[in-house]
Amino acid sequence: MADYIEGKRPVIEAFRTGVPMRRILMGDYMKRDPMIEDIMRKAKRNGVKVIQVPRDELDQKSARGSHQGVMAEAAPFNYVGIGQVVDAANSYAEEHDGRALVVLCDHLTDAGNLGAISRSCEAVGASGLIIPNKRSARVEASTYKSSAGAITHVPVAQVSNIVQSIHRLQEEGFWVCAATEHTDDLVWNANLKGKIAIVLGNEHDGVSRLVLEHCDMYAKLPLEGEVASLNVAQAATAVMYEWLRQNWASLA
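Residues numbered from 1 in each chain as written. Predicted model: local features only at pLDDT ≥ 70, side-chain atom pairs only at ≥ 80, totals over all residues. Heavy atoms only, no water.

Novice: What is the right way to read the sheet that holds strand β4 (residues 70–74) from this model?
Specialist: Two pairing modes exist for strands in a sheet, parallel and antiparallel, and in both the strands are linked by backbone hydrogen bonds. On the basis of which strands lie adjacent, the open sheet formed by 4 strands has the order β1-β4-β2-β3 and mixed pairing. Looking at strand neighbours, the two that pair on one side only are β1 (3–6) and β3 (49–53), the edges of this open sheet. The average undirected angle you get between the axes of adjacent strands in this sheet is 25°. Here helix α1 (residues 8–16) sits on the sheet in contact with β1, β2 (21–27) and β4, set at roughly 160° to β2. Strands β2, β3 and β4 of the sheet are contacted by helix α2 (residues 34–45), whose axis makes an angle of about 150° with β2. (Pairing = 2+ DSSP bridges. Helix = DSSP H or I, 4+ residues; strand = E, 2+ residues; numbered from the N terminus. Axes fitted to C-alpha atoms, helices over the stretch in contact; angles between N-to-C directions. Contact = heavy atoms within 4.5 Å.)

As structure tokens, then:
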């Protein structure tokens, strides 16, 4: 199923954040205003073909009815195999005193959260993201936006089974830590030094029971306020930076 970006400003923003595009569909009735001219310039600069189409075609493809006469068809994201993430992590560990980070997402459903998590992954030097290939958010236009383009620099592997991926990482010498509220262990007390895989849960249910059973340790963030929990992307950032803090000595 094609991923379309609808509207003048969203298309311009998609160019700005580096969303790879297959083509631009533009209504054959559109008049050249400054935003249309900007889209045409950006399309030419990026080698994206602009195709004139009737209004009916745009209406049929539009999911929200807000295309404003312009829709961009995003190109499919290039996922990698889990072996490439593992190889990248092992190579990183060899060059960084044995530390490496891989992040697994246990059926996240929001593509924006996936983008925000990938942005933090890139910031701390994580070697890759692992996501399920079914019942899970995938990389789409909103992911590029929320990641501020960082998703293009983070290898993302789609896998059929998160538990099998955990076992693969454990065989490669990774300790797997689930970020979960169902523990008394604070992340500050968890040993996150070296090769670590962090598992993040679904926005509503957290890390699934089956996945929890195969993790090596569990950790939660301390909460002093009245709110029950943080957004998964915010929590992911805090846990990733705790991994970086604990390994900071090896950066010096």
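Novice: In this structure, what is going on with unusual backbone geometry? I would like to understand it.
Specialist: Across residues other than glycine, the phi torsion is negative in most instances, and most of the peptide bonds are trans. A positive phi angle is found at His-107, which is not glycine, with a value near 60°. Among the structural elements, His-107 can be located in the loop between β5 (100–105) and α5 (111–124).

Novice: In this structure, what is going on with the packing of aromatic side chains? I would like to understand it.
Specialist: Working definition: an aromatic ring pair is given by the centre-to-centre distance plus the angle between the planes. By the definition in use, this model includes 2 aromatic pairs. When the ring of Phe-77 is compared with that of Tyr-79, the centres are 4.9 Å apart and the planes differ by 70°; the resulting orientation is edge-to-face. By relative accessible area, Phe-77 is classed as buried at 15%. Taking 6.4 Å as the distance between ring centres and 70° as the angle between the ring planes, the aromatic pair formed by Phe-77 and Tyr-144 counts as edge-to-face. In this pair, Phe-77 is assigned in the loop between β4 and α4 (82–95) and Tyr-144 in helix α6 (residues 141–146), connecting sequence segments 67 residues apart. The structure contains a cluster of three or more aromatic residues connected by ring pairs, namely Phe-77, Tyr-79 and Tyr-144. (Phe/Tyr/Trp six-rings, centres within 6.5 Å; stacked < 30°, edge-to-face > 60°. Buried < 20%, exposed > 50% of the residue type's maximum accessible area, 1.4 Å probe, protein only.)

Novice: I'm lost on the side chain of Asn-90 in this one. Help?
Specialist: Residue placement: Asn-90 occurs in helix α4. According to the relative accessible area criterion, Asn-90 is buried, its value standing at 18%. Excluding anything up to four places from it in sequence, Asn-90 contacts Glu-172, Phe-174 and Lys-195.

Novice: Hey, could you run me through the sheet that holds strand β8 (residues 175–179) in this one?
Specialist: The strand order across the open sheet formed by 6 strands is β7-β6-β5-β9-β8-β10, and the pairing between neighbours is parallel. For this open sheet the edge positions go to β7 (156–159) and β10 (217–219), each flanked by a neighbour on one side alone. Strand after strand, the sheet turns through a mean of 25° between neighbouring axes, direction not considered. In the packing of helix α9 (residues 232–246) onto the sheet, the strands contacted are β5, β8 and β9 (195–200), and the crossing angle to β9 comes to about 165°.

Novice: Got a minute to help me understand α9 in this structure?
Specialist: Every α-helical turn comprises 3.6 residues, leaving residues that sit three or four positions apart pointing alike. Taking 1.5 Å per residue, 15 residues should reach 21 Å; α9 reaches 21 Å between its end C-alpha atoms and fits that length. Packed against the buried residues of α9 are β5, α5, β8 and β9. Put simply, Asn-231 is the residue that caps the front of α9, since its side-chain oxygen is 2.7 Å from the backbone nitrogen of Ala-233. (Expected span 1.5 Å × (residues − 1). Polar contact = N/O pair within 3.5 Å; in protein donor to acceptor, adjacent residues only side chain to side chain.)

Novice: How do you make sense of the pattern of salt bridges when you look at a structure like this?
Specialist: Opposite charge on two side chains makes pairing possible when the charged atoms of those side chains draw close. Tallying each qualifying case throughout the model produces 9 salt bridges. In this structure, Arg-16 engages Glu-13 in a salt bridge whose closest nitrogen and oxygen atoms are separated by 2.6 Å. Separated by 3 residues within a single helix, Arg-16 and Glu-13 lie in helix α1, roughly one turn from each other. The exposure class assigned to Arg-16 is exposed, which follows from its relative accessible area of 59%. Glu-13 gets classed as partly exposed once you look at its relative accessible area, which sits at 22%. Of the charged contacts in the structure, one is a salt bridge between Glu-37 and Arg-32, with a shortest N-O distance of 3.5 Å. Since its relative accessible area comes to 29%, Glu-37 is described here as partly exposed. (Salt bridge = Lys/Arg side-chain N within 4 Å of Asp/Glu carboxyl O.)

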